[in-house]
Amino acid sequence: MRLDVVTIFPEYLEPLNVSLVGKARARGQLDVHVHDLREWTYDRHNTVDDTPYGGGPGMVMKTDPWGDALDCVLADGYETGSRTPALIVPTPSGRPFTQELAVELSERPWLVFTPARYEGIDRRVIDEYATRMPVYEVSIGDYVLAGGEAAVLVVTEAVARLLPGVLGNAESHRDDSFAPGAMANLLEGPVYTKPPEWRGRDIPEVLLSGHHGKIARWRRDEALRRTTANRPDLIERCDPKAFDKKDREM
Ligand SMILES: N#Cc1c(-c2ccc3ccn(Cc4ccncc4)c3c2)n[nH]c1N
């Protein structure tokens, strides 16, 4: 997978050099290119913004720097063999970024991120590129950030961990919160590791029993408990038949 990011804060994307994404890059599983939008400005002040038509607070990011940058990034990708890009536009007014969308994006060969600042990008830029490729306008949550770079880090990590061979244990996806299957739409339950006793706190006995069926049922029940407490909205999405089937297997 190729990822391109166009931003006025390239240093914000330094975390893409470390940990899971950094290792995937080093192994050649991810090809990440971060571009400074100001390279496509030609005035003394490297201007990327201007006042909004119709008035109102703040500034709007100008068309030309984005158009020149995206044309250049796309041309480079095509020249080096990448195909079927998708534009990923972080925005507070976007569709919620979910695990389901992460799976969809992880199946694409090339993502081009356009994290904006100020009040956002002149709409005509998005409309222009929507004539050439799928555009995903996404929001990472119901709160307001000052720009889209944090969303690029979130989306990139959620997508990268789904790529084949990136997560050491392929099974790790199975019990992800929100992953498909009997635990679908359930939050993960608590996890424990050695030592067996810590500051007077023991490990739940069932986890030491070696009885895989009982352990699976306990984990499912804990997930249900946490989901009911923290995300009751997810409970109605659960498929009770999946539990019956799972109980028969346990
Ligand atoms: N994804 C995502 C986001 C953002 C977000 C993303 C991109 C930009 C670009 C500019 N801003 C600042 C701004 C613009 C308009 N209204 C309010 C704030 C952004 C915010 N905020 N909250 C989220 N969940």
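Thresholds applied
Residues numbered from 1 in each chain as written. Predicted model: local features only at pLDDT ≥ 70, side-chain atom pairs only at ≥ 80, totals over all residues. Heavy atoms only, no water. Helix = DSSP H or I, 4+ residues; strand = E, 2+ residues; numbered from the N terminus. Buried < 20%, exposed > 50% of the residue type's maximum accessible area, 1.4 Å probe, protein only. Contact = heavy atoms within 4.5 Å. Areas by Shrake-Rupley, 256 points an atom, 1.4 Å probe, with all protein chains shown as cover. Axes fitted to C-alpha atoms, helices over the stretch in contact; angles between N-to-C directions. Parallel < 35°, antiparallel > 145°, perpendicular 65-115°, else oblique. Nonpolar A, V, L, I, M, F, W, Y, C, P; charged D, E, K, R; others polar. Pairing = 2+ DSSP bridges. Phe/Tyr/Trp six-rings, centres within 6.5 Å; stacked < 30°, edge-to-face > 60°. Near = heavy atom within 4 Å. Polar contact = N/O pair within 3.5 Å; in protein donor to acceptor, adjacent residues only side chain to side chain. pLDDT = per-residue confidence, 0-100.

## Observations concerning the overall build of the chain
Then comes step 1: When its secondary structure is counted, the chain shows 8 helices and 9 strands.
Then comes step 2: Every one of the 250 residues in the chain was classed for burial, and the buried ones make up 41%.
Then comes step 3: Sequence-distant contacts in the chain: of pairs separated by 6 or more residues, those separated by 24 or more amount to 75%.
Then comes step 4: Looking at the chain as shown, the accessible area adds up to about 14500 Å², and 52% of this sits on carbon and sulfur atoms.

## Focus on unusual backbone geometry
Then comes step 1: Here Lys194 and Pro195 are connected by a cis peptide whose omega angle stands at 10°.
Then comes step 2: For Pro195, the position within the fold is in the loop between α5 (149-160) and β8 (197-198).
Then comes step 3: A positive phi angle, near 45°, is found at Thr84, a position not held by glycine.
Then comes step 4: Residue placement: Thr84 occurs in the loop between α2 (63-79) and β5 (85-96).
Then comes step 5: Phi angles above zero are rare outside glycine, and Tyr118 is one such case at about 55°.
Then comes step 6: Its location among the elements puts Tyr118 in the loop between β6 (110-113) and α4 (123-129).
Then comes step 7: Tyr118 sits in the partly exposed class, given a relative accessible area of 36%.

## A short note on the packing of helix α3 (residues 99-106) against α5
When two helices pack together, their arrangement is given by the angle between the helix axes and the distance between those axes.
Then comes step 1: The N-to-C vectors of α3 and α5 enclose an angle of 70°; their axes lie 8 Å apart at closest approach. The orientation of α3 with respect to α5, classified from their angle, is roughly perpendicular. Between α3, through Ala102, Leu105 and Ser106, and α5, the contact on the second element is made entirely by Val155, Ala158 and Val159.
Then comes step 2: Among the residues forming the contact of α3 with α5, the class breakdown is 5 nonpolar, 1 polar and no charged.

## So, the sheet that holds strand β7 (residues 135-139)
Then comes step 1: Taken together, the 5 strands give an open sheet; going across it, the order is β2-β1-β6-β5-β7, and neighbouring strands pair in parallel fashion. Edge positions in the open sheet fall to β2 (31-36) and β7, since each of these has one partner strand only. This sheet shows a mean twist of 25° between the axes of neighbouring strands, independent of strand direction.

## Focus on the packing of aromatic side chains
Then comes step 1: Within the structure shown, the criterion is met by 1 aromatic pair.
Then comes step 2: Between Tyr78 and Trp110, the aromatic rings sit 5.3 Å apart at their centres with planes inclined by 80°, giving edge-to-face as the arrangement. One end of the pair, Tyr78, is in helix α2; the other, Trp110, is in strand β6, with 32 residues separating them in the sequence.

## A closer look at the site of the ligand
Then comes step 1: The local shell around the ligand holds 18 residues, among which Ala116, Ser139, Gly141, Tyr143 and Leu145 are the closest.
Then comes step 2: Contact between the ligand and Val138: a nitrogen atom at 3.4 Å from a main-chain N or O atom of the residue.
Then comes step 3: The protein chains hide 88% of the 510 Å² of surface that the ligand would expose on its own.
Then comes step 4: Of all the elements in the fold, those that place two or more residues in the shell around the ligand are β5 and β7.
Then comes step 5: If you tally residues by element for the shell around the ligand, the top one is β5, at 3 residues.

## A look at helix α1 (residues 19-26)
Then comes step 1: Taken together, the buried positions of α1 are occupied by Leu20, Val21, Gly22 and Ala24.
Then comes step 2: Contact partners of the buried residues in α1: α5.

## Comments concerning the confidence of the model for the chain
It should be kept in mind that the predicted coordinates are not to be read in detail where pLDDT is low.
Then comes step 1: Averaged over every residue, the pLDDT of the chain is 93; residues scoring 70 or more account for 90%.
Then comes step 2: For this predicted complex, the interface confidence score (ipTM) comes to 0.99, while the overall pTM stands at 0.93.

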